[in-house]
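# Fold and geometry: a report
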Amino acid sequence: MPRGQKNTLRAREKCQQTCGQIQGHQGAQITATQKKKVSFSSPLILGATIPKKSAGRSGSVLKKPQRALSTTTSVDVYHKKSYKGANSKIEKKQSFSQGLSSTVRSRTDPLTIKTNMLVQFLMEMYKMKKPIMKADMLKIVQKRHENHFPEILKKASFNMEVVFGVDLKKVDSTKDSYVLVSKMDLPNNGTVTRGRGFPKTGLLLNLLGVIFMKGNCATEEKIWEFLNKMRIYDGKKHFIFGEPRKLITQDLVKLKYLEYRQVPNSNPARYEFLWGPRAHAETSKMKVLEFWAKINQTVPSAFHFWYEEALRDEEERVQAAATFNDGSSAMGRKCSKVKASSSSHA
């Protein structure tokens, strides 16, 4: 059997082994608020949700999220501290059963299953640094679902972006070949450390978003509160992101994507996170806001307060770049004059 077919077969077997594990993490990022309708597009999203304080801080109500995919599943989730009386108990039971049935349907939906399998195949190709061919993806989808391939590919691409922080891009239209490109330049193809783990770019973008929306500085308690809502816990290895404490307080800090420091004058000592210099260099507040908006299936301007700050940040970046270019040009002209003067004297 040719090597390419072996790789495809190996990836397909890996899909079948881990598909169930991935489905078990369905909707992990969704934060239920009282009588709020929560939408998610797939069982793989592990990202940010619109903060409750955003409307209050901006003085305006957030726009209603727009559905990016026609197969979006909606679940009504009720979060109440206490239930009094028979009517409340019935309401709780009905709400839970409706949400559960919707979740079960989404897990067993053939297109969702194929999407999960395609995501696993893409990740295997990404880790092995193999080219991604449309013909191989069609083998994963199988012939009876071939007509739905564009829809499945769109959902899989969305999952790859919001969970792992990588974009699926076509590199050769004649051969229908694709490549996965990380949104940030993390080492080892996004896995941070050597090995065949999953890319950590998506988690990093989420953390940068939390820090940005907490006033560009987030306490460690707020970071873990956010991570817990994603079912990522301190001291518990995550099947995608590994050991989270080491990742966020050591690995990403050492790489200068995050800054981890003691809160001034705190006793006992408390810690906080800020953007590191490499985060400032490789991304921007607007790009992080666009990432959060995509997860929530809305637009960056829906986060009104932070959108205005991101616009100011973009303007400052443009001005800084212009100043740097002017300085470089002036320095270049000065060097040219010195060289010309030296040549004439010679």
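See the structure shown above.
In this text the structure is predicted, and so the values were computed from the model without any measurement.

The strand order across the open sheet formed by three strands is E3-E5-E4, and the pairing between neighbours is antiparallel. For this open sheet the edge positions go to strand E3 (132-133) and strand E4 (166-172), each flanked by a neighbour on one side alone. In terms of strand pairing, E4 meets strand E5 (residues 177-182) through six bridges, oriented antiparallel. Considered in E5, the bridge of Lys169 is made with Val179.

This next bit is on the packing of helix H8 (residues 220-229) against helix H9 (residues 244-254). If you want to describe how two helices pack, look at the angle between their axes and the distance between the axes. Closest axis-to-axis distance for the H8/H9 pair is 12 Å, and the angle between their directions is 140°. Viewed along their axes, H8 and H9 adopt a mutual orientation that is oblique. Seen along the crossing, H8 lies across H9 with a hand that is right-handed. When H8 is examined against H9, the residues Glu220, Ile223, Trp224 and Leu227 are found in contact with a partner set consisting of Pro244, Arg245 and Ile248. Residue composition of the contact of H8 with H9, grouped by class: five nonpolar, no polar and two charged.

What follows covers the packing of aromatic side chains. For the structure shown, the criterion picks out five aromatic pairs. Relative to Phe198, the ring of Phe164 lies with its centre 5.6 Å away and its plane at 15°, an arrangement referred to as stacked. With a gap of 34 residues between them, Phe164 in helix H6 (residues 149-164) and Phe198 in the loop between E5 and helix H7 (201-213) connect regions that are remote in the sequence. Accessibility expressed as a relative area gives 13% for Phe198, which makes it buried. Their ring planes at 85° and their centres at 5.6 Å tell us that Phe305 and Trp306 sit as a pair that is edge-to-face. Here Phe305 falls in the partly exposed class, since its relative accessible area comes to 28%. Aromatic rings pair up to connect Tyr260, Tyr271 and Phe273 into one cluster. Above the plane of the ring of Phe198 lies Lys127, whose end atom (NZ or CZ) is 4.6 Å from the centre.

So, how was this worked out
Residues numbered from 1 in each chain as written. Predicted model: local features only at pLDDT ≥ 70, side-chain atom pairs only at ≥ 80, totals over all residues. Heavy atoms only, no water. Pairing = 2+ DSSP bridges. Helix = DSSP H or I, 4+ residues; strand = E, 2+ residues; numbered from the N terminus. Axes fitted to C-alpha atoms, helices over the stretch in contact; angles between N-to-C directions. Parallel < 35°, antiparallel > 145°, perpendicular 65-115°, else oblique. Left-handed = near helix turned anticlockwise from the far one by under 90°. Contact = heavy atoms within 4.5 Å. Nonpolar A, V, L, I, M, F, W, Y, C, P; charged D, E, K, R; others polar. Phe/Tyr/Trp six-rings, centres within 6.5 Å; stacked < 30°, edge-to-face > 60°. Buried < 20%, exposed > 50% of the residue type's maximum accessible area, 1.4 Å probe, protein only. Lys NZ or Arg CZ within 6 Å of the ring centre and 35° of its normal.

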